[in-house]
Amino acid sequence: MSNLPILPTISTTFIVLSAITVAIGWAQIKQRKIEKHRKTMTLAGIFAIIFFVIYASRTIFIGNTSFGGPDDIKIYYTLFLIFHITLATIGAVLGIISLYTGYKNKLERHRKLGPITSVTWFFTGITGVAVYLLLYVFYKGGETTSVIKAILGT
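Bear in mind that the values here come from a model prediction, so they are computed numbers and not experimental data.

Calculation notes
Residues numbered from 1 in each chain as written. Predicted model: local features only at pLDDT ≥ 70, side-chain atom pairs only at ≥ 80, totals over all residues. Heavy atoms only, no water. Axes fitted to C-alpha atoms, helices over the stretch in contact; angles between N-to-C directions. Helix = DSSP H or I, 4+ residues; strand = E, 2+ residues; numbered from the N terminus. Parallel < 35°, antiparallel > 145°, perpendicular 65-115°, else oblique. Left-handed = near helix turned anticlockwise from the far one by under 90°. Contact = heavy atoms within 4.5 Å. Nonpolar A, V, L, I, M, F, W, Y, C, P; charged D, E, K, R; others polar. UniProt positions renumbered as here; feature names shortened; annotations may be inferred. Phe/Tyr/Trp six-rings, centres within 6.5 Å; stacked < 30°, edge-to-face > 60°. Buried < 20%, exposed > 50% of the residue type's maximum accessible area, 1.4 Å probe, protein only. Patch = residues over 30% accessible without salt bridge, like charges linked within 9 Å, V, L, I, M, F, W, Y side chains within 5 Å. Areas by Shrake-Rupley, 256 points an atom, 1.4 Å probe, with all protein chains shown as cover. Salt bridge = Lys/Arg side-chain N within 4 Å of Asp/Glu carboxyl O. Polar contact = N/O pair within 3.5 Å; in protein donor to acceptor, adjacent residues only side chain to side chain.

Caption draft 1: Just the packing of helix α1 (residues 6–30) against helix α4 (residues 107–137), in detail. It is at 9 Å that the axes of α1 and α4 come closest, and there the two elements cross at 155°. Relative to α4, the element α1 is oriented roughly antiparallel. The crossing of α1 and α4 is left-handed. Counted together, Pro8, Thr9, Thr12, Ile15, Val16, Ser18, Ala19, Val22, Ala23 and Trp26 of α1 and Pro115, Ser118, Val119, Trp121, Phe122, Val129, Tyr132 and Tyr136 of α4 form the full contact between these two elements. Taken together, the residues of the contact of α1 with α4 sort by class into 14 nonpolar, 4 polar and no charged.

Below is the structure:
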């Protein structure tokens, strides 16, 4: 456990916190606790933003870690990673739209979009944790190269 990389561990923790707070917010709205729901979903969005800032900063300045597991499962990891990235992108866009429609009291659209957004975000969180486990827990991570180094060739 002591060999886990700090930034990926912290960023993964924030995406898990985001998914947990989405689940809490969903329960709150089912109980008609509208103001608590609004605050909880705002917190879920803040957790997601913190994740993204850490992830993007790490990607730009330190780099992404390549898969270090066996070559015979690398293709499956890569396909899973593409699925996760696609899901995360869709989830983020849906999250922004859901928060916007909630804040602007466009409640008909918000009520339709909210459950779809929440389920998408749950799967994003689950697949994100799986990517983290595959990169840093089950297998030793591969090479890490920053975007800046890749662009500048240093």
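Caption draft 2: Structural view of the UniProt feature "transmembrane region" (unreviewed entry) in the chain. Under the UniProt annotation, "transmembrane region" (unreviewed entry) lies at residues 6–29, 41–63, 75–100 and 121–139. Taken end to end, residues 75–100 is 100% helix and 0% strand, and its first and last C-alpha atoms sit 38 Å apart. Within residues 121–139, the helical portion is 89% and the strand portion 0%, while the C-alpha atoms at the span's ends are 25 Å from each other.

Caption draft 3: Representation of the packing of aromatic side chains in the model. A complete count under the given rule lists 6 aromatic pairs for this structure. For the ring pair phenylalanine 14 and phenylalanine 47, a centre distance of 5.9 Å and an interplane angle of 50° mean the geometry is tilted. With a gap of 33 residues between them, phenylalanine 14 in helix α1 and phenylalanine 47 in helix α2 (residues 34–61) connect regions that are remote in the sequence. Judged by relative accessible area, phenylalanine 47 falls into the buried class, the value being 15%. With 4.5 Å between their ring centres and 15° between their planes, phenylalanine 67 and tyrosine 77 make a pair best called stacked. Here the residue phenylalanine 67 occupies a position in the loop between β1 (64–65) and α3 (71–103), and tyrosine 77 occupies one in helix α3, the gap between them amounting to 10 residues. Judged by relative accessible area, which is 9%, phenylalanine 67 ranks as buried.

Caption draft 4: Looking closely at a nonpolar patch on the surface. Judged by side-chain polarity, Ile6, Leu7, Ile10, Ile60, Phe61 and Ile62 come together as a nonpolar surface patch covering roughly 540 Å² of accessible area. Ranked by residues supplied to the nonpolar patch, first place goes to α1 with 3 residues. With respect to the helices, strands and loops of the structure, isoleucine 60 is situated in helix α2. Here isoleucine 60 falls in the partly exposed class, since its relative accessible area comes to 36%.

Caption draft 5: Representation of the environment of serine 11 in the model. One can find serine 11 in helix α1. Looking at serine 11, its side chain comes within polar contact range of the main-chain oxygen of proline 8, at 3.2 Å.

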